[in-house]
Amino acid sequence: MKRLIINADDFGFTSGVNRAIADAHTRGVVTSSTLMANGRAFAEAVELTKTVPRLSVGCHVVLIDGEPVAEPRKIPSLTQDGRFRDGLKSFAARALTGRMDAAEIEAEASAQIRKIQSAGIAVSHIDTHKHTHLFPPVLRPLLGAAARCGVKAVRNPFGPKFPLRSSQLLARPGLWTRYTEVKILGRFAGKFREAVDREGFTTTDGTLGIEVTGTLDETLFRAIAESVPDGTWEFVCHPGYNDADLRSARTRLRESREMELKVLTLPAAREVLARDGVELISYRDLVSA
C-alpha cells in the first residue's frame, strides 16, 4: 500500500502564496497545508480556508525569519531586536550547543498554534519552517507545545535512503549539495522516531521532495511519484504566484513557486500517482485513521 500526503508549506506568507495553495488543492493534488501564524497574509489565509473545507490545515511553526507571535522580551534566546535572530546555520549551531531555552521554544510554538486555533481552524498537524524540528533540542519542546494544544500529528522530516535514482541525481548537479546536506542531517532520524513514539504522536514514514525544493519540475515530480515506497509518505511543496508581495519578501523561492504550482495542477500529476497505485490522503485522514 502506498499513501501520500501532499503538503503545501508557507500558507499565510503572501496573498499570492495563499491563492496558489488554494488553486493547487482545488485544481491539483495538494491535500494539506501548513499555515504561518506570523505570516503577513495570515488573516487572508484564514478567510480562504472557508472556501476549501477539504484542505487539511496545520501549523507551520516559525522559529527563524520574521517576527514571533509571543512577546519578544519573553523569548530572548530566540529573538533579537524584536525578530527571530538566526539564519538556519547559526540556528542549528545554537540549538545543538544548548544555547536555546526549551521553555521559550515551547511558549512560542504554543502561541502560534493557539493563534490559528483561535481563528477557528482545527489544526491537524505541525511542521516547521526550514525543518528546524529535525534537531532534537527543538523537537522536544515543539511536541510538548503541540500536545498541550491538542495536536498529535507531526511531519517526519526525514526521507527514504534513496529518494531519487542515482541516474536522476547525476543528471542534476544542482541537487548534489542539497542531497548531501539532507543525508548528513539524517543522523537525527532515530532520535526523532524515539521522541514521536514516546509522546504518542502520529507521523508518516518520512518526507519526499525536500531535496528538490526550489528545483521541482514535471520531470522531477514524475521521478519522485514513480518511486514512492510502500507505506505512508509526505511530499513537501511550495506553490505560489510570483507577484509583487513575493518579490519583496525574504525568500529564495520565487519563480520556482510558480513552476511548482504548474506541476501540481497538471492532469499528469494525478495520473502518474494513480498509475503507480499511490492513494492521496490528507493529514486529517492520517489522524482519523
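In what follows, the structure referred to is the one given above.
Rules behind the numbers
- Residues numbered from 1 in each chain as written.
- Predicted model: local features only at pLDDT ≥ 70, side-chain atom pairs only at ≥ 80, totals over all residues.
- Heavy atoms only, no water.
- Core = buried A, V, L, I, M, F, W, Y, C linked by side-chain atoms within 4.5 Å.
- Buried < 20%, exposed > 50% of the residue type's maximum accessible area, 1.4 Å probe, protein only.
- Helix = DSSP H or I, 4+ residues; strand = E, 2+ residues; numbered from the N terminus.
- Contact = heavy atoms within 4.5 Å.
- Arc of directions from axis to C-beta.
- Lys, Arg positive; Asp, Glu negative; His and termini not counted.
- Salt bridge = Lys/Arg side-chain N within 4 Å of Asp/Glu carboxyl O.

### Observations regarding the nonpolar core
Grouped together as the largest cluster of nonpolar side chains are 77 residues, with contacts concentrated most on Ile 6, Leu 35, Phe 221, Phe 235, Leu 264 and Leu 273. No other element matches the six residues that helix α5 (residues 136-148) contributes to this core. Dropping the residues within four chain positions of it, Leu 35 is found in contact with Phe 11, Gly 12, Phe 42, Ala 45, Val 46, Val 57, Gly 58, Cys 59, His 60, Ile 116 and Ile 121. Membership of the second largest hydrophobic core comes to five residues, among which are Ala 153, Ile 281, Tyr 283 and Leu 286.

### Comments concerning helix α2 (residues 42-49)
Of the positions making up α2, those classed as buried are Phe 42, Ala 45, Val 46, Leu 48 and Thr 49. Along the axis of α2, the buried residues cluster in a sector spanning 165°; they form a single face. Taken together, the buried residues of α2 touch β1 (2-11), α1 (15-26), β2 (32-35), β3 (56-61) and α4 (102-118).

### Some points on the side chain of Glu 108
Mapping Glu 108 onto the fold places it in helix α4. Despite being buried, Glu 108 has no salt bridge partner; Lys 115 is the closest side chain of opposite charge, sitting 9.0 Å away. Setting aside residues up to four positions removed in sequence, Glu 108 forms contacts with Val 62, Leu 63, Pro 68, Val 69, Ala 70, Ile 75, Leu 78 and Phe 84.

In short, the description is geometric, and any link to function would need to be established separately.
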